[in-house]
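Chain residues, written in single-letter form:
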Amino acid sequence: MRHRIIVLGAGYTGAFAAGRLARRLRREDVAITLVNAEPDFVERVRMHQLAVGQDLKSRPFSGMFAGTGVELRLAKVTGVDVDRKTVAVAGADGAEELGYDTLVYALGSGWNAQGVPGTAEHAFEIAGRPGALRLRERLARLDAGQAVVVVGGGLTGLEAATEIAETRPDLDVALAARGGLGDWLSSKGREHLRKVVGRLGITVYEHAAVTGVEADRVATADGRAIPAAVTVWTAGFAVHPIAKATALEVTGTGQIVVDGTMRSVSHPDVYAVGDAAMVMGPGDKPLRMSCASGVPTAWQAVDAIAARLTGGKLPNVPIRYFNQCVSLGRKEGLIQYVTADDRAVRAALTGRLAAVYKELVCKGAAWGVANPTFGLPTRRRRVTRERVAAGSAVAASA
Ligand SMILES: Cc1cc2nc3c(=O)[nH]c(=O)nc-3n(C[C@H](O)[C@H](O)[C@H](O)COP(=O)(O)OP(=O)(O)OC[C@H]3O[C@@H](n4cnc5c(N)ncnc54)[C@H](O)[C@@H]3O)c2cc1C
């Protein structure tokens, strides 16, 4: 009787988690299933690049997980029953129910229209591949001089606006930010950002809360109407509604509330990682949705699961931030160094070197996913018989 571990979602965190589990636990003792809707790994951090017409490397999961002991299920997760410990999926073979002893929930997030009127109907988004491809197709049809407005002055908005302006200097690109441009950055970071944005000819609307989106303009709280043949909405991410529909304890926005080992505070046989989890970080601040903090949550969850199943020591590695890596087109970048709780310090790396650094970070993350078990010491530990037999009851008491 093997302990059944199901990982939902094969984005950055789920794929890392499945690979690491395979490396940590003996194959005879566990059955690891990774469920994902799509057959290949999507580099979400490059969706702005995909949107402007760049082609991304194809990374099929079948190759990545071959020989690792992880069984890949291509199916859409439609529901989770945490009391019966089952997951409902719909795939090519129809609907099915999978039973688990331990669940790792890593379904990530999508875009967040924030209920702003007209956004769902008229705006484009780049939170995932379908949205990025839709925008790509639309941008390709725009004529010189047409206006693109990127809504959101956060990291994704900055990356999107600069990428579009660099690729299509013939377009009239604007950025609408609720606050000041890069106002959370150090003075060096802010100055560099202004320089690059100016050089790319991007018009910046600061302190411009967008209150409505129409087919040809966006409206702001202070009464402006900014012309927009295309509006790109980047103002925040929202988690998928699946967790909220379960008996799991979730936040108002639907993130699963977990403890320091990424275990659900309400259901001990469920772990949540990445964007889907509400994790308190340094300074008692929730971790923001990012790969930077999401990948360590996957490591933490896996090491905790392995420890609980094998009787090992629970991990206790605080998750902290080191820097924010922002691409500003392909030739420019900004690496803003930060405190453990993500506040900017004075030091920042700028220019081409920063662009190369950011590129290496993206490549490194994708390589880590593509080689899920590489580099980890092969310490496949035995799951003790009693723990397998008792299933989650053991997890609950550990
Ligand atoms: C344009 C852009 C740029 C970004 N840049 C950065 C950056 O520079 N640095 C950084 O740290 N973060 C960045 N982020 C954020 C980062 O991409 C996310 O925080 C990260 O991808 C979260 O990882 P995850 O594993 O939790 O979720 P995801 O990567 O979203 O993975 C979720 C997986 O679950 C699958 N899935 C979802 N629903 C279902 C379902 N119902 N059934 C089956 N499968 C499903 C998806 O197909 C996907 O494979 C960026 C995001 C965007 C959109």
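Residues numbered from 1 in each chain as written. Predicted model: local features only at pLDDT ≥ 70, side-chain atom pairs only at ≥ 80, totals over all residues. Heavy atoms only, no water.

Draft legend 1. Seen up close, the environment of Ser 327. Here Ser 327 is to be found in strand β20 (residues 323-327). Ignoring any residue separated from it by four or fewer positions in sequence, one finds Ser 327 in contact with His 48, Glu 159, Thr 162, Glu 163, Glu 332, Gly 333 and Lys 358. A polar contact of 3.3 Å, which involves the side chain of Ser 327, links it to the side chain of His 48. (Helix = DSSP H or I, 4+ residues; strand = E, 2+ residues; numbered from the N terminus. Contact = heavy atoms within 4.5 Å. Polar contact = N/O pair within 3.5 Å; in protein donor to acceptor, adjacent residues only side chain to side chain.)

Draft legend 2. How the structure looks around the side chain of Arg 59. Inspection of the secondary structure puts Arg 59 in the loop between α2 (47-51) and α3 (61-65). In contact with Arg 59, not counting residues within four places along its chain, are Asp 40, Phe 41, Glu 43, Met 64, Ala 366 and Ala 370.

Draft legend 3. The arrangement of the pairing of β20 in detail. Taking burial as the measure, the five residues of β20 include five buried ones, the bulk of the element. Of the two faces of β20, the one lined by Asn 323, Cys 325 and Ser 327 and the one lined by Gln 324 and Val 326 are each fully buried. Pairing geometry for β20 and strand β21 (residues 333-338), over five bridges, is antiparallel. Note that in β21 the partner of Ser 327 across the bridge is Gly 333. Here β20 hands over to β21 after five residues, with Gly 329 in that stretch at a positive phi of 85°. (Buried < 20%, exposed > 50% of the residue type's maximum accessible area, 1.4 Å probe, protein only. Pairing = 2+ DSSP bridges.)

Draft legend 4. Main features of the site of the ligand. Neighbouring the ligand are 33 residues; Thr 13, Arg 44, Val 77, Cys 291 and Lys 358 lie closest to it. For the ligand, an oxygen atom lies 3.4 Å from a polar atom in the backbone of Gly 11. The backbone of Val 77 places a nitrogen or oxygen atom 2.7 Å from a nitrogen atom of the ligand. Taken together, the elements giving at least two residues each to the shell around the ligand come down to α1 (12-24), α2, β3 (70-81), α6 (155-167) and α8 (291-310). Within the shell around the ligand, the residues separate by chemical class into 17 nonpolar, eleven polar and five charged. (Near = heavy atom within 4 Å. Nonpolar A, V, L, I, M, F, W, Y, C, P; charged D, E, K, R; others polar.)

Draft legend 5. Expanded view of the sheet that holds strand β6 (residues 102-105). One open sheet holds the seven strands; their spatial order is β5-β4-β3-β2-β1-β6-β18, and the pairing between them is mixed. Each edge of the open sheet carries a strand with a single partner, namely β5 (94-99) and β18 (270-272). Averaged over neighbouring strand pairs, the angle between their axes works out to 35° when direction is ignored. As judged from the six bridges shared by strand β4 (residues 86-91) and β5, these two strands associate in the antiparallel manner. Across the sheet, Gly 91 pairs through a bridge with Gly 94, a residue of β5. Against the sheet, α1 makes contact with β1 (3-8), β2 (30-36), β3 and β6, and its axis sits at roughly 165° relative to β2, the strand it touches most. Here α8 sits on the sheet in contact with β1, β6 and β18, set at roughly 160° to β18. (Axes fitted to C-alpha atoms, helices over the stretch in contact; angles between N-to-C directions.)

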